[in-house]
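Residue-level listing of the chains:
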Amino acid sequence: QVQLVESGGGSVQAGGSLRLSCTAAGGSFTFTGYCMGWFRQAPGKEREGVAMINANGGAPYYKDIVKGRFTISQDNAKSTLYLEMNSLKPEDSAMYYCAADAGRCTWWWLQRGANTEYWGKGTLVTISS
């Protein structure tokens, strides 16, 4: 079975930084050949996209809400996806999930992560003001 496991969440003060990691392993899944993305969901709200990157070395993509503050990166050899979060704001507080979507990244997928088979269980990020 394919598994995605996130780590690195925590509670920090506004303006601080966190680095999230997502490790992919299991089944017939191969890191290369997928669009890897980060999504987040706050309590009572819909899931929203944060950033994504083509795991085979393509350019990263960011939602405007995090552009300039977050950086998505990858290590294919380690099957690991990263999200460096800087200048964190209280509105960034959410459960952060990593996901894998077959093929190239699309803006449609980044909106909500619809029809995605491979999801992690999430890592909680809490930003206090």
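Let me sum up the structure you'll find in this document.

The next thing to look at is the side chain of Asp 101. By secondary structure assignment, the location of Asp 101 is in strand S9 (residues 94-102). No salt bridge is formed by the buried Asp 101; the nearest opposite charge belongs to Arg 47, separated by 11 Å. Those residues in contact with Asp 101 that lie beyond four places of it in its chain are Tyr 34, Cys 35, Trp 109 and Asn 115.

Tallied over the full model, the rule gives 2 disulfides. Disulfide partner of Cys 22: Cys 98, at an S-S distance of 1.9 Å. Classification of the bridge connecting Cys 22 and Cys 98 rests on its S-S torsion, roughly 55 degrees, and on that basis the disulfide is right-handed. Of the two residues, Cys 22 sits in strand S3 (residues 18-25) while Cys 98 sits in strand S9, which places them 76 residues apart along the sequence. Cys 98 shares its class with Cys 22; the two are buried. In this model Cys 35 forms its disulfide with Cys 105; the gap between the sulfur atoms is 2.1 Å. Linking Cys 35 and Cys 105, the disulfide has an S-S dihedral of approximately 100 degrees and is accordingly described as right-handed.

Before going further, it helps to spend a moment on the pairing of strand S5 (residues 48-54). Across the 7 residues that make up S5, a large majority, 6, are buried. Alignment of strand S4 (residues 34-41) against S5, held across 6 bridges, turns out to be antiparallel. Bridged to Met 36 within S5 is Ile 53. Hairpin connection from S4 to S5: 6 residues lie between these consecutive antiparallel strands, with Gly 44 at a positive phi of about 75 degrees. Sheet topology places S5 next to strand S6 (residues 60-62); 3 bridges connect them, and they run antiparallel. Within S6, the residue paired with Met 52 across the bridge is Tyr 61.

Right, let's get into the sheet that holds strand S7 (residues 70-75). Ordered in space as S1-S3-S8-S7, the 4 strands form an open sheet in which the pairing is antiparallel. Where the open sheet ends on each side, the last strands, each with one partner, are strand S1 (3-7) and S7. Ignoring which end each strand starts from, the neighbouring axes of this sheet average 15 degrees apart.

Rules used throughout
- Residues numbered from 1 in each chain as written.
- Predicted model: local features only at pLDDT ≥ 70, side-chain atom pairs only at ≥ 80, totals over all residues.
- Heavy atoms only, no water.
- Helix = DSSP H or I, 4+ residues; strand = E, 2+ residues; numbered from the N terminus.
- Buried < 20%, exposed > 50% of the residue type's maximum accessible area, 1.4 Å probe, protein only.
- Lys, Arg positive; Asp, Glu negative; His and termini not counted.
- Salt bridge = Lys/Arg side-chain N within 4 Å of Asp/Glu carboxyl O.
- Contact = heavy atoms within 4.5 Å.
- Disulfide = S-S within 2.5 Å.
- Pairing = 2+ DSSP bridges.
- Axes fitted to C-alpha atoms, helices over the stretch in contact; angles between N-to-C directions.

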